[in-house]
Amino acid sequence: MRDADLRREATAVLLGNWERGHTVPSRRLYPHQWSWDSAFIAIGWAHASPGHGRRELESLLAAQWADGRVPQIVFNPAVARDAYFPGPDFWRSRDVPGAPRRETSGIVQPPVHARAALEVHRAAPTLGRRFLRRVYPGLKAQHDYLLRHRSDGDGLVTIVHPWESGQDNSPAWDAELTRVTADVEVLAGHRRHDLDHVDATERPTAADYARYVAIVETYRDHGYRDEPGAHHFVAVDPLFNALLAWSEEALAEIADVIGEPSEPHLERAGAIRDALLARCYDRGAQHFFALDRHGARVPEHCVGGLAPLVLDLPTDVVDALVAGMSGPRFALNDRVPLPSYDLTGPAFDTTRYWRGPAWINTSWLVLRGLERHGRHTEAATLRAAMLNAVRQEGFREYFDPRTGAGRGVADFSWSAALTPDLLATAPTPAPRPLTVAPS
Ligand code: 2M8
């Protein structure tokens with residue numbers, strides 16, 4: 001397929017999923033607005049229509065809570081209340097002081113939004129300056145909430161639900177989840193609509209879902225206040241923290257454009273980067289690991305452990321991460337994007353969601369990291385793999401990490417959204433040496 005056709009198809013998916021002010025991740029499986037999806041989607045809109053990108057981010061921020069949290073899900077009132085589980089009647093944000101009028105969930109997702117806002121601005125800089133002025137306070141408040149209310153006390157921020165990582169059933173959360181006692185009976189009064197759209201072997205198990213529900217119920221009973229006893233689940237995710245630092249760098253650039261002080265943002269970015277290196281980076285394993293609630297490293301190699309590449313890192317760490325992704329665990333190649341989890345790991349599963357399948361957004365983050373560090377050969381290989389996957393299988397939610405077969409739903413928004421970005425940033429091929437005809 002020609003690049004122009006692929007770009008057109010990607011834009012058609014975004015338009016098909018556009019829903020008056022935001023883009024649903026999938027019409028069938030995810031019929032509302034999701035937080036980090038909207039950030040990746042806005043980056044795609046920046047290429048096709050920056051105006052849509054601005055609205056995407058502004059509609060999300062319109063549902064920000066008074067304490068600064070940007071919710072994981074913003075529910076669309078026009079969609080049936082039980083179309084997605086857990087829906088608005090489960091989260092009950094309407095009962096919480098400080099929650100917005102539009103109903104939302106009460107947890108967050110990885111903060112990649114300031115980065116997205118900067119990219120949308122760059123696509124249309126003249127118009128964008130006013131946009132940046134409008135979104136800057138909300139983006140800053142989003143980060144302030146995380147740094148104030150979710151600090152682990154040692155330079156990093158915690159997540160309090162596996163859904164907050166975006167990598168829902170990653171093996172990195174298995175041990176922490178075993179602390180949560182929940183009977184699958186808690187699901188009795190609910191219906192999991194995800195299983196109507198995707199095979200159960202691809203989705204989190206019933207035992208996982210019971211725990212996901214139990215964790216929310218306790219947080220909800222505490223009015224979603226981050227206070228003692230509110231959290232059954234606590235972990236530090238390297239991807240979440242890397243994106244927070246990367247977005248702080250973006251906030252610094254945004255601050256420069258609109259005449260606000262940028263230095264505090266750069267300081268915050270540097271401090272998070274230093275804490276990631278000191279606490280999550282394992283020199284022996286040459287990988288960034290998640291931390292459990294006590295700050296101990298969880299030695300599972302997940303793709304999120306490559307995400308700190310988006311930051312300024314020492315050369316030896318970059319070399320080690322690149323070696324790790326090129327080795328048997330992640331098997332960097334030009335046909336299939338990076339697996340979400342170690343191909344050789346004990347919990348590896350080719351089909352189950354974030355326990356192996358290859359996702360476009362996480363490979364895109366690693367690609368940005370490789371580019372930042374001038375690792376053009378590996379970047380070209382990864383870009384080729386991502387484009388190959390969507391060309392062969394369409395804009396699927398995820399892909400079998402060994403065969404590249406498309407899995408999950410079709411017409412998935414962030415897989416479509418990041419494709420025009422891949423095509424736009426593809427480096428011009430190196431000029432081939434001219435063959436000199438023998439005289
Ligand atoms: C998936 O997560 C939702 C819950 O947030 C679900 O499984 O129902 C994850 O892949 C997450 O990263 C993503 O943001 C969301 C919507 O695409 O779906």
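Below, the structure is looked at part by part. (Residues numbered from 1 in each chain as written. Predicted model: local features only at pLDDT ≥ 70, side-chain atom pairs only at ≥ 80, totals over all residues. Heavy atoms only, no water.)

1. Topic: the nonpolar core
Then, in step 1: In this structure, I254, F288, L313, M325, W364 and V366 are the most contacted members of the largest nonpolar core, which totals 134 residues.
Then, in step 2: Ignoring any residue separated from it by four or fewer positions in sequence, one finds V366 in contact with V303, L306, L309, M325, L338 and L382.
Then, in step 3: Counting residues in hydrophobic clusters, the runner-up holds 5 residues, among them L14, I41, W45 and A417. (Core = buried A, V, L, I, M, F, W, Y, C linked by side-chain atoms within 4.5 Å. Buried < 20%, exposed > 50% of the residue type's maximum accessible area, 1.4 Å probe, protein only. Contact = heavy atoms within 4.5 Å.)

2. Quick notes on unusual backbone geometry
Then, in step 1: Here F85 and P86 are connected by a cis peptide whose omega angle stands at 0°.
Then, in step 2: Looking at the secondary structure, you find P86 in the loop between β2 (73-74) and α4 (88-91).
Then, in step 3: Phi at R20 takes a positive value of approximately 45°, unusual for a residue other than glycine.
Then, in step 4: Inspection of the secondary structure assignment puts R20 in the loop between α1 (3-17) and β1 (33-34).
Then, in step 5: Using a relative accessible area of 68% as the deciding quantity, one classes R20 as exposed.
Then, in step 6: For Y224, which is not a glycine, the phi torsion comes out positive at approximately 55°.
Then, in step 7: Counting through the fold element by element, Y224 comes out in the loop between α10 (206-221) and α11 (238-258). (Helix = DSSP H or I, 4+ residues; strand = E, 2+ residues; numbered from the N terminus.)

3. Digging into the packing of helix α15 (residues 376-393) against helix α16 (residues 413-424)
Then, in step 1: Closest axis-to-axis distance for the α15/α16 pair is 11 Å, and the angle between their directions is 130°. What the angle tells us is that α15 and α16 run oblique. The two elements α15 and α16 meet at a crossing, and its hand is left-handed. Between α15 and α16, the contacting residues are R383, M386, L387, V390 and R391 on the first element and S415, T419, L422 and L423 on the second.
Then, in step 2: Looking at the contact of α15 with α16 residue by residue, the class counts come to 5 nonpolar, 2 polar and 2 charged. (Axes fitted to C-alpha atoms, helices over the stretch in contact; angles between N-to-C directions. Parallel < 35°, antiparallel > 145°, perpendicular 65-115°, else oblique. Left-handed = near helix turned anticlockwise from the far one by under 90°. Nonpolar A, V, L, I, M, F, W, Y, C, P; charged D, E, K, R; others polar.)

The analysis is restricted to geometry; functional conclusions fall outside its scope.
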